[in-house]
Amino acid sequence: MSGSGPRTEQTLTQAPEFRLAIIAVLVFVLMAVLSPDRFLSAQNMTSMAFQFPEFAILALAMTITMTTGGIDLSVVGVANLSAVIAATILTSLAGPEAAGAVAFLWLAVALGASLAVGAAAGFFNGVLVTRLGLPPILATLGSGLVFTGFAVAMTGGSAVMGFPDIVSVIGNATIWVIPVPLILFAILTLGLHILLTRTGFGLRVMMYGANPLAALYAAIDIDRILMRVYVIAGMFSAVAGMVIMSRANSAKADYGSSYLLLAVLIAVLGGVNPYGGYGRVVGVVLAVLSMQFLSSGLNMLQVSNFARELIWGGLLLLVMVINTTDWARLSARRKPAKTG
Amino acid sequence: MTNRWKELLARNETLVAVVIVLFCIVASISDPNFFTVTTLSDLLRASIVLGILAIGCMLVLISGGIDVSFTAVAVSAMYMTTKLSLTLWPEMPWPLIFACSIGFGALLGAINGVFIAIFGLPTLIVTLGTLSVFRGFLLTFVGSDRISALPPDMREFSRMMIARGTTEGGDFYALPWSLAALAGVILLTAFILHKTMLGRSIFALGGSVESARRLGIDVRRTQFFVYVYVGALAGLAGILHGSMGRMSDPFSLVGLELSVIAAVVLGGARLIGGYGTITGTLLGVALIVLVQNSLIVIGIPSTWQSVTIGALILLGTGLPAYQAKRAAARAG
């Protein structure tokens, strides 16, 4: 895949994130006008804050892999596999009656296990991409099937349920008035932002994404960078898996299958360049908010799930066309040199 | 001679063929009923739709892209055609029904073509988007009911057999005419790929877009053709799926795309483009159909199906990729 040209310094209004902020505000205002008493209610605000972190965290995982010019199609598979393993620990070892310190301890064990599964899955993806040299699309397509397949094989395809009560804290509790999943999302967002913009690692990730060959000649240990990127993506997916498990109060191999498209959509909508080299966490957050406003609003207008799929897909295409087309060049009637 | 053998052994086709043979040996040992005409004709029937989709998908991979939307194209073309036929002219003869579905498929493929060839967007993201647009449009605006009262001529087609009967051993077999459709698609695609300038252009495009452009190949037109052709094949596969299953189900087919891509990459087509063979693709399809239908016969529970397919993708693509990486490292 060819990298895009270098981005020159832009003023604030030219940044894709600025356009995105306008879109987010527009969608919010539109929904507020179409359904004022329901969309603007406190109840709707809280329910939105509970809904979006699970797919937003998956979108963060997608973002970091996309900035290297790769993609992670296994995020949902990793989330479900780690959730199924955590759920198995919680149901068979802790049991639904566990309470107090015992339950807390088992929850910690389950969380640790799920993060370990996420890291291992990410490591596996990293090995496929770096050591075997597989294209990230194929590597994660195949590994996603394997992870989902393990979850199916472990559960026989049915949901694992019967957790101690404490599990619901991750997905359903609030600290003061802020939902716990939102806090998790905020921590991960901030962490990823700092990682990508304030550390040498982040700089090297962007360098590799912008121009892999130049990064190689700059003596950057590419394999190690990519390995870490996929491990981080795997662990983020595992956190998303925990939130989904807690909110559904069960774990199943095929939960959240529509989240894969959504995660790609959000990352691209957020201005992340799918060829690598550019991506800002603030853009992804704005994209998440627009999607959630749109999704809740459509829900209140009683638009069917299928129509929502249609709108999401259409939005993805529209944003890609707007973001990548060089309008000046098209109108100059010169043939653009870019191809997929 | 030894070099030739080495080359043959290093090819994906050989690897897949060996796995298929091993699978069949193990299967016939554990179940003597496995290796019969009945099983064979069942497997052949199961591979018609998958085979046509895989041929189309292979063409996209050769041109250096990837398409995940073709199942949505197939199901949309099938469902829209049956709806159209039932409302306008229920007695529509089957060749017209087929032409109609192929036309719908080509039209939807052209939409992919516009985004990819004209706007130059990444193929994976475009087709992920159109996958949900096509399916969302179908289920929202066209309908979401399963139709089992198909146009009579479609049902008639599904009863037409090239050969059917019972062997002396008492095994029943039936080969429907849809198999001829697969054969036709194979011949047409082989002709396009190997006997026309267009075919050479598709290979050249997958090898290197820039080189193809400098050779004077119209990159946009070639890419556009690829996506329209894939759409048309998907339309054909869709209507065959509907008539063979005697039901037009708008929820079917979508979800199959990973298995199809698995079959194609197992057959050796490379994601970076420029390489792919019809033989390899058909072998890949055969292996996937075997895994989907007969995994239980060799003693692996069917819940392990997707692990098996995923592992096959990783092995089938990982080995050649690893070899290429090592060869490149040795070359310095």
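One numbering rule holds for all chains: residues counted from 1, following each sequence as written. As a convention, the first chain written is A and the first ligand written is 1, with the rest following in written order. Confidence filtering applies because this is a predicted model: local features only for residues at pLDDT of at least 70, side-chain atom pairs given and counted only at 80 or more, and all residues used for totals across whole chains, interfaces and linings.

A run of DSSP states H or I qualifies as a helix once it reaches four residues; a run of E qualifies as a strand once it reaches two. Both are numbered from the N-terminal end. Check the secondary structure of chain B and you find 14 helices and two strands. Just to be clear, the radius of gyration here is over C-alpha atoms, and the globule rule we use is 2.2 Å times residues to the power 0.38. Against the 2.2 N^0.38 benchmark of 20 Å for 332 residues, chain B shows a C-alpha radius of gyration of 20 Å, consistent with a compact globule. With the principal axes as the frame, chain B shows a C-alpha extent of 65 × 55 × 35 Å. With 332 residues in all, chain B has 49% of them scored as buried. In this scheme every C-beta is placed from the backbone, and a residue whose C-beta has 20 or more other C-beta atoms within 10 Å is buried, one with 12 or fewer is exposed, and one in between is partly exposed.

The next subject is the overall build of chain A. Counting its regular elements, chain A contains 15 helices and four strands. In summary, chain A has a C-alpha radius of gyration of 20 Å against a globular reference of 20 Å for 340 residues, a match within 12%. Its C-alpha atoms give chain A principal-axis dimensions of roughly 70 × 55 × 35 Å. Residue burial in chain A is summarised as follows: out of 340 residues, 49% are buried. By definition, residue pairs are in contact when their C-beta atoms, positioned from the backbone, come within 7 Å. Across chain A, the fraction of contacts at a sequence separation of at least 24, relative to all contacts at a separation of at least 6, is 80%.

Taken residue by residue, the interface counts 46 residues in chain B and 41 residues in chain A. At 15 residues, helix α6 (residues 123-142) of chain B tops the list of elements feeding residues into the side of chain B that touches chain A. Its residues assigned to classes, the side of chain B that touches chain A shows 30 nonpolar, 14 polar and two charged. When residues are grouped by polarity, Ala, Val, Leu, Ile, Met, Phe, Trp, Tyr, Cys and Pro land in nonpolar, Asp, Glu, Lys and Arg in charged, and all others, Gly among them, in polar.

Once that is clear, we can look at α6 of chain B. The span one expects for a helix is its residue count, reduced by one, times 1.5 Å. Taking 1.5 Å of rise per residue, 20 residues should cover 28 Å, and α6 of chain B covers 26 Å from first to last C-alpha, within 8% of that figure. Trailing α6 of chain B by a residue or two, Gly143 of chain B shows a phi angle of about 155 degrees, which is positive.

Before going further, it helps to spend a moment on helix α13 (residues 281-300) of chain A. All names here are of chain A. Compared with an ideal rise of 1.5 Å per residue, which puts 20 residues at 28 Å, α13 spans 29 Å between its outermost C-alpha atoms and is within 8% of the ideal. Counting buried positions along α13 gives 16 out of 20 residues, so the element sits mostly inside the fold. Of the residues trailing α13, Gln302 is marked for its positive phi of about 55 degrees.

Attention now moves to the packing of helix α3 (residues 42-67) of chain A against helix α4 (residues 75-94) of chain A. All names here are of chain A. Relative to each other, α3 and α4 sit at 130 degrees, their axes nearing to 10 Å. In this view, α3 runs oblique relative to α4, as classed from their interaxial angle. Both α3 and α4 take part in a crossing whose hand is right-handed. Only Val75, Val76 and Ala79 of α4 make contact with α3, whose side of the interface consists of Leu58, Ala61 and Met62. To define axes, lines are fitted to C-alpha atoms, for helices over the stretch in contact only, and angles between the resulting N-to-C directions are given on a 0 to 180 degree scale. Our angle categories are set so that under 35 degrees counts as roughly parallel, over 145 as roughly antiparallel, 65 to 115 as roughly perpendicular, and the remainder as oblique. For a crossing to be left-handed, the near helix must be turned anticlockwise from the far one by less than a right angle; the clockwise case is right-handed.

A word on the packing of helix α9 (residues 197-207) of chain B against helix α11 (residues 219-245) of chain B. Residue and element names in this part refer to chain B. Remark: α9 packs on α11, axes separated minimally by 10 Å, with the N-to-C direction vectors making an angle of 100 degrees. As far as their axial angle goes, α11 and α9 are roughly perpendicular. Here Leu198, Ser201, Ile202 and Leu205 of α9 lie close against α11, whose contacting residues are Val219, Thr222, Gln223, Phe225 and Val226. Classifying every residue of the contact of α9 with α11 by side-chain character gives six nonpolar, three polar and no charged.

Moving on, we get to the pairing of strand β1 (residues 161-166) of chain B. Residues and elements named next belong to chain B. Summarising burial for β1: zero of the six residues are buried, a small minority. The sheet contact formed by β1 and strand β2 (residues 172-176) spans five bridges and is antiparallel. Its bridge partner being in β2, Arg164 is matched across the sheet by Ala174. Here, a strand pair is defined by DSSP locating no fewer than two bridges between the strands.

Here the focus is the confidence of the model for chain A. All names here are of chain A. You can read pLDDT as the predictor saying how much it trusts each residue, on a scale of 0 to 100. Per-residue confidence for chain A gives a mean pLDDT of 85, with 91% of residues at or over 70. Taking the mean pLDDT of every element in chain A, the minimum, 54, falls on helix α15 (residues 327-331) and the maximum, 94, on helix α11 (residues 222-248). Note on residues 1-8: pLDDT is under 50 here. Beyond four places in sequence and across chains, it has 12 contacts.

Overall, the predicted model of chain B reaches an average pLDDT of 86, with 96% of residues at or above 70. In the predicted assembly, ipTM is 0.83 and pTM is 0.84.

Residues and elements named next belong to chain B. Counting through the fold element by element, Thr166 comes out in strand β1. Owing to 12 C-beta atoms within 10 Å, Thr166 belongs among the exposed residues under this scheme. Sequence separation between Thr166 and Thr38 is 128 residues; the distance between their C-alpha atoms is 9.0 Å. Not counting residues up to four positions away in its chain, the partners in contact with Thr166 are Asp171 and Phe172.

Our focus in this paragraph is unusual backbone geometry. Residue and element names in this part refer to chain A. Backbone geometry at Trp176 places phi at a positive 60 degrees, although glycine is not the residue there. Topologically, Trp176 is positioned in the loop between β2 (174-175) and β3 (178-179). By C-beta crowding, Trp176 is classed as exposed, having 5 other C-beta atoms within 10 Å.

Right, let's get into the environment of Ile220 of chain A. All names here are of chain A. Inspection of the secondary structure puts Ile220 in the loop between α10 (212-217) and α11. Distance from Ile220 to Leu188, taken between C-alpha atoms, is 26 Å for residues 32 residues apart in sequence. If sequence neighbours within four positions are ignored, Ile220 has contacts with Arg204, Met207, Tyr208, Ala215 and Ile225.

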